[in-house]
Amino acid sequence: MIFLSNLVNGISLGSIYAIIALGYTMVYGIAKMLNFAHGDVIMVGAYIAFCALQYWNLPPVLALIVAMLVCTALGITIEGLAYRPLRQAASLAVLITAIGMSYLLQNLALLIWGPNPKSFPATTMMALPTFSLFGGKLNISGVTLVAILANIVIMLVLTTFISRTKVGKAMRCVSEDRGAAELMGINVNRTISTTFAIGSALAAVAGILLCSAYPTLMPTTGSMPGIKAFTAAVFGGIGSIPGAMIGGILLGVIEILGKAYISTELGDAIVFAVLIIVLLFRPTGLLGKPIREKV
Amino acid sequence: MNAKKKKLIYNSVTFGIVILAFVLCNVFYKDMSRSLRGQLIPITCWIVMAVSLNLVVGISGELSLGHAGFMSIGAFSGIVASGWLLNGFQVENETLRLVIAIVVGGVMAGIFGVLIGIPVLRLRGDYLAIVTLAFGEIIRNVLNCVYASVDGQKLVLGFINPNLPGKLLLNGPNGAVSVGKIATFTAGFVLIILSLIVVLNLVNSRTGRAIMATRDNRIAAESVGINVTKYKMIAFVTAAVLAGMAGALYGLNYSTLIPGKFKFDQSINVLVFVVLGGIGNTLGAIISATVLTMLPELLREFADYRMLVYAVVLILVMIFTNNPTVRAIAESIFAPVKKLFQGKKNAATQGAQGGVGK
């Protein structure tokens, strides 16, 4: 029964990782860049929701919407100001810019909200009962279920969006061949902006879920989940949307089970070790496309 | 011939600047502020880190995001070596202990460099980057669980188990305790010179050319019979050894040191030194490591805003040096100035050639 409860917690944490990993994987698939600032967009989203609940006394649904809107605007702004001028530049230059952007967001948050950890009003955000199964042997908190449900819904909506709509088709085109997409009259810049907007809105959702489950909010809150989610994206095969979901959930389950059954101290090491082992046997992740070499 | 001459000039200038900076620091040591003096040894460590990472990122062309991991291996094995010598064998001579600690740090980091390099160098591009990041995090996580103590002349190591006999040297997540501060600025200087000799000679050798060939075109290099993995490994392990040595020096400069000090951020910082200095440019890496390590100290008055300024500068420098439009504008502004200099230079070279002709 303890195993089952750990498993559910792992899937829940993994669902949060999966939602964050979607942001990484979509941006990587379309703009071919590692957006290291993504983890910090999560943090901003959580802070905005915190302010909405605590200071402006908005209802939870509005807080979620406000956080998503602010993060969407932030994502588009970051892309337009920092990444767009570097579209033709070497990938290392873009990576450093993304790192600079990550520092910038963290330090802005530090200036605005101060260095002291804030306690996220998790119970106000999600006033949900804890579900008891098997006569109280298995307790699942509301947040856990919401995270899993949110992940499933997001995944279904996103898959439909990418495969059915015109914008989604444009995204797939740009990720396949940017030059050819441009020749076919696709507005590449706008497509990339849309990708950032979607990724950042999802980051806001992930931030709120993360802080509802672990209610300590600091300017550095986003960095470790960001790195883990990035790992999850690579694990599943970066650029692939189902890969992000599988990678995220597996990573969350491995982390929780590793901490419970192997060693609490080595939880993170186990996660990264599994990633390395997977990459040794499948060098492009679980669902990644093999790299073809042309001479 | 000309290329050789250029290299010779570049190398002499690099060595010259380092030696000059060392002499100047010693001459003006008394006039320096306390905080600046405290920065001297860390600066030398970060310079060695930047020079060594430059070998991986610039010369061998692989993005490594876990360089701080090798530094921490060097730091903690150096601290253990120094503590063991002092407490187990009563070696009081600080210079001897420092040298042995640095060598041990380098060797340990080198061993891990080989172990990590074997799986890592099979991967390509971004996958390679994420795996180096993962290894950096694993090293930090595992070091958090390592305990070490000296019992008599014996070194006792413990994993997760904090109850060890004798004098404790490493205390898991609390890191190294009661470390002797035996690092010296001169040792840092010697280490920089050593790393420069190693890296510059390597780059200008047959091996170095092979490494650069694998960077520029892997398939072409393979097809002329270059063993790609071997040469990438040489660059990776050399960089790991240098990073370990820098780590040992760094660790012995503080009275306490925790594994959490070598987080992912530190690896990124070193990468920033390399990229801002100009990828593949050793002198540039040295200069940017120095300036960027000192920058937070210099901006102390703007304490709250200094990291913000740092971030903005980072982004702006990247945009200014990489955006074609911005570059064109900058060049059109600087064109008259450049012309002025070039005119003079041309006249000078013509004069010199005339001299040779006579």
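Residues numbered from 1 in each chain as written. Chains lettered and ligands numbered in written order. Predicted model: local features only at pLDDT ≥ 70, side-chain atom pairs only at ≥ 80, totals over all residues.

Caption draft 1: Highlighting the overall build of chain A. Across its full length, chain A carries 12 helices and 4 strands. Here chain A has a C-alpha radius of gyration of 19 Å; the compact-globule value for 295 residues is 19 Å, and the two agree. Counting only C-alpha atoms, chain A reaches 60 × 45 × 35 Å along its principal axes. Sorting the 295 residues of chain A into buried and exposed places 52% on the buried side. In chain A, once contacts between residues fewer than 6 apart in sequence are set aside, the share between residues at least 24 apart is 75%. (Helix = DSSP H or I, 4+ residues; strand = E, 2+ residues; numbered from the N terminus. Rg over C-alpha atoms; globule rule 2.2 N^0.38 Å. Buried ≥ 20, exposed ≤ 12 C-beta atoms within 10 Å, placed from the backbone. Contact = placed C-beta atoms within 7 Å.)

Caption draft 2: Seen up close, the overall build of chain B. Along its length, chain B carries 13 helices and 3 strands. Expected size for 358 residues packed as a compact globule is a radius of gyration near 21 Å; at 22 Å, chain B falls within 12% of this value. Expressed as lengths along the three principal axes of its C-alpha atoms, the size of chain B is roughly 75 × 55 × 45 Å. Per-residue burial over chain B gives 42% buried out of 358 residues. In chain B, once contacts between residues fewer than 6 apart in sequence are set aside, the share between residues at least 24 apart is 76%.

Caption draft 3: Expanded view of the environment of B:Ala311. In this structure, B:Ala311 sits in helix α12 (residues 306-322). For B:Ala311, the contacting residues outside a window of four places in its chain are A:Gly100, A:Tyr103, A:Leu104 and A:Asn107.

Caption draft 4: Structural context of the packing of helix α7 (residues 166-176) of chain A against helix α9 (residues 188-213) of chain A. Residues and elements named next belong to chain A. Packing of α7 against α9 brings their axes to within 10 Å, and their N-to-C directions diverge by 105°. Between α7 and α9, the angle is such that the two are roughly perpendicular. Residues Val-167, Ala-170, Met-171 and Val-174 of α7 lie in contact with α9, whose contacting residues are Val-188, Thr-191, Thr-194 and Thr-195. (Axes fitted to C-alpha atoms, helices over the stretch in contact; angles between N-to-C directions. Parallel < 35°, antiparallel > 145°, perpendicular 65-115°, else oblique.)

Caption draft 5: Seen up close, the sheet that holds strand β1 (residues 146-151) of chain B. All names here are of chain B. Overall, antiparallel pairing links the 3 strands, which are arranged β2-β1-β3 in an open sheet. Strands with a single pairing partner mark the edges of an open sheet, and in this sheet they are β2 (154-159) and β3 (167-171). Along the sheet, successive strands turn relative to each other by an average axial angle of 20°, direction set aside. As paired elements, β1 and β2 share 6 bridges and run antiparallel to each other. By the bridge assignment, Ser-149 is partnered in β2 with Val-156. Against the sheet, helix α3 (residues 67-89) makes contact with β1, β2 and β3, and its axis sits at roughly 180° relative to β3, the strand it touches most. (Pairing = 2+ DSSP bridges.)

Caption draft 6: Fine view of α7(A). Residues and elements named next belong to chain A. Every buried residue of α7 is listed here: Ala-170, Met-171, Val-174 and Ser-175. When α7 is viewed along its axis, its buried side chains cluster within an angular range of 130° and face the same direction. Of the exposed residues in α7, those oriented more than 90 degrees away from the buried face are Lys-166 and Glu-176. (Arc of directions from axis to C-beta.)

Caption draft 7: The interface of chain A and chain B, seen in detail. Opposite the 39 residues of chain A that make contact, chain B presents 37 residues. For the side of chain A that touches chain B, the secondary structure elements donating two or more residues are α4 (91-113), α10 (223-236) and α12 (267-281) of chain A.

Caption draft 8: Spatial organisation of unusual backbone geometry. Unlike most non-glycine residues, A:Lys32 shows phi in positive territory, near 55°. Position of A:Lys32 among the secondary structure elements: in the loop between α1 (2-31) and α2 (38-54). Its identity as a non-glycine residue notwithstanding, B:Gln90 has a phi of 50°, on the positive side. Along the chain, B:Gln90 falls in the loop between α3 and α4 (94-120). For B:Gln90, a count of 8 C-beta atoms within 10 Å puts it in the exposed group.

Caption draft 9: Spatial organisation of the confidence of the model for chain A. In this model, chain A carries an average pLDDT of 87, and 96% of its residues clear a pLDDT of 70 or more. Mean pLDDT across the secondary structure elements of chain A bottoms out at helix α5 (residues 122-125) of chain A, with 70, and peaks at helix α3 (residues 60-83) of chain A, with 93. (pLDDT = per-residue confidence, 0-100.)

Caption draft 10: Seen up close, the confidence of the model for chain B. Predicted confidence across chain B gives a mean pLDDT of 85, with 93% of residues reaching 70 or more. Note on residues 347-358 of chain B: pLDDT is under 50 here. Beyond four places in sequence and across chains, it has 0 contacts.

Caption draft 11: Geometry of the nonpolar core. Among the nonpolar cores identified, the biggest contains 196 residues, and A:Ala46, A:Ala67, B:Ala50, B:Ala246 and B:Leu249 are the most heavily contacted of them. Top contributing element to this core by residue count: α1(A), with 16 residues. Beyond its immediate chain neighbours, meaning those up to four positions away, B:Ala246 contacts B:Cys45, B:Val48, B:Met49, B:Met71, B:Gly74 and B:Leu191. (Core = buried A, V, L, I, M, F, W, Y, C linked by C-beta atoms within 7 Å.)

Caption draft 12: Quick look at the environment of A:Thr72. Residue and element names in this part refer to chain A. Within the secondary structure, Thr-72 sits in helix α3. Separated by 74 residues in the primary sequence, Thr-72 and Val-146 have C-alpha atoms spaced 22 Å apart. When sequence neighbours within four positions are dropped, the list of residues in contact with Thr-72 reads Ala-197, Ser-200 and Ala-201.

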